[in-house]
Amino acid sequence: MNSFKDKVVLVTGGNRNTGLWLVKKFVDEGARVFACGSSEKSAASGVEALKRMGVEGVTMMACDISDLEQVKKMFDVIEREAGRLDILINNSANQGLGHGGPLEMDPQKFHEVFNVNVIGGFQVTQMACNRFFLSEKQQAKREGAGVGADKGVVVFLSSNTAMRAIRGRTAYCSSKGAINSMVRSLALDLAPLGIRVNCCAPGYINTERWDVLDPKIAARRRANCPLGREATGTDIANVVAFLASEDSGNMTGEIVTCDAGCSCQHMPADVDR
Ligand SMILES: NC(=O)c1ccc[n+]([C@@H]2O[C@H](COP(=O)([O-])OP(=O)(O)OC[C@H]3O[C@@H](n4cnc5c(N)ncnc54)[C@H](OP(=O)(O)O)[C@@H]3O)[C@@H](O)[C@H]2O)c1
């Protein structure tokens, strides 16, 4: 398939776990893909991981998205190598793990999570719009594009925990709720400019963290899912690709949940009898 042929895509946090599958999906569908990890070391390991998956031709950068100067430098690379950007996938996340409960956590940790998940996502989006989606250079190349053709597309990754909280993750859950609100707000303001902003809200995704999970907990988690399984990276990549594609051309400001039905159930099957 070549749904994204001639498109230039940036995937933040494309260096590990779900991000790798997002990168693979866009590469498989013909896009020129840029991605980042938060450091030189994690970006380098992302290059190796993609190689093992047989994915080639990706420019992997080191960029802490909470640092505006680093974000500027990342966009300089995209400018130099591709001269344009069509699609932004805001996937990077600080998971806010190990902070403890709300009574004992260091409030500074709350800032750190918001600086990546909310402010980081915002400043990458703002720069994508100003430097590329709405730039005169990019617009000049769009002449002849059909009615309703996107000037730019943004897809955020939030979480079903924005709606139904998990324990000991106050900062993370709050940040994902903030992302959902930001998506609606950005969608409203950017719609008249031809930019769509949508969001995929995953539930459990199988990442490297599942490799070290107690098998009993993994089984209990799966039993909590009406579909009986967590998402694969490909499951999430398929939803994100739909939101990034012209197939969702009349959608903006939407939060699309992909959580094996967890959000529609009151209680898991073993207690709902
Ligand atoms: N896994 C799940 O079950 C689940 C459930 C619901 C929602 N989600 C959401 O889905 C997305 C992908 O999840 P995941 O579990 O694959 O994520 P993950 O394993 O936690 O990976 C997070 C990614 O974000 C990057 N990142 C962290 N801080 C950054 C910073 N300051 N600047 C730039 N990048 C930074 C990491 O890069 P480094 O390698 O450099 O740290 C990494 O690539 C996330 O938005 C997550 O919140 C996941």
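Here the structure is shown first, and the text comes after it.
Quick caveat: nothing in here was measured; it's all calculated off a predicted structure.

Draft legend 1. Inspection of unusual backbone geometry at higher detail. If you check the backbone angles, aspartate 6 has positive phi at about 70° while not being a glycine. Phi at asparagine 17 takes a positive value of approximately 50°, unusual for a residue other than glycine. By the element assignment, asparagine 17 lies in the loop between strand 1 (8–12) and helix 1 (18–28).

Draft legend 2. Broad picture of the packing of aromatic side chains. Per the counting criterion, the structure on display carries 4 aromatic pairs. Ring geometry for phenylalanine 110 against phenylalanine 114: centres 5.3 Å apart, planes inclined by 20°, an arrangement best described as stacked. Of this pair, phenylalanine 110 and phenylalanine 114 both sit in helix 4 (residues 107–133), separated by 4 residues, roughly a single helical turn. The ring of tryptophan 210 carries the charged tip of arginine 221 above its face, separated from the ring centre by 5.3 Å.

Draft legend 3. Summary view of the pattern of salt bridges. Summed over the entire model, instances satisfying the criterion amount to 16 salt bridges. When the shortest N-O distance is used, the salt bridge between glutamate 79 and arginine 131 registers 3.8 Å. Separated by 52 residues along the polypeptide, glutamate 79 in helix 3 (residues 68–81) and arginine 131 in helix 4 bring together distant segments of the chain. One continuous salt-bridge network, built from bridges that share partners, spans Asp76, Glu79, Arg131 and Lys137.

Draft legend 4. Representation of the site of the ligand in the model. Within the structure, the ligand sits among 28 residues, and Asn15, Arg16, Ser38, Ser42 and Tyr172 are positioned closest to it. Threonine 18 has a polar side-chain atom sitting 2.7 Å from an oxygen atom of the ligand. Classifying every residue of the shell around the ligand gives 9 nonpolar, 15 polar and 4 charged.

Draft legend 5. Layout of the environment of serine 92. You can see serine 92 is positioned in the loop between strand 4 (87–90) and helix 4. Here serine 92 falls in the buried class, since its relative accessible area comes to 18%. Note: C-alpha distance between serine 92 and threonine 18 (74 residues apart in sequence) is 9.8 Å. Each residue touching serine 92, except ones within four places of it in the same chain, is listed here: Thr12, Gly13, Ile65 and Asn117. A polar side-chain atom of serine 92 sits 2.9 Å from the main-chain amide nitrogen of glycine 13.

About the thresholds
- Residues numbered from 1 in each chain as written.
- Predicted model: local features only at pLDDT ≥ 70, side-chain atom pairs only at ≥ 80, totals over all residues.
- Heavy atoms only, no water.
- Helix = DSSP H or I, 4+ residues; strand = E, 2+ residues; numbered from the N terminus.
- Phe/Tyr/Trp six-rings, centres within 6.5 Å; stacked < 30°, edge-to-face > 60°.
- Lys NZ or Arg CZ within 6 Å of the ring centre and 35° of its normal.
- Salt bridge = Lys/Arg side-chain N within 4 Å of Asp/Glu carboxyl O.
- Near = heavy atom within 4 Å.
- Polar contact = N/O pair within 3.5 Å; in protein donor to acceptor, adjacent residues only side chain to side chain.
- Nonpolar A, V, L, I, M, F, W, Y, C, P; charged D, E, K, R; others polar.
- Buried < 20%, exposed > 50% of the residue type's maximum accessible area, 1.4 Å probe, protein only.
- Contact = heavy atoms within 4.5 Å.

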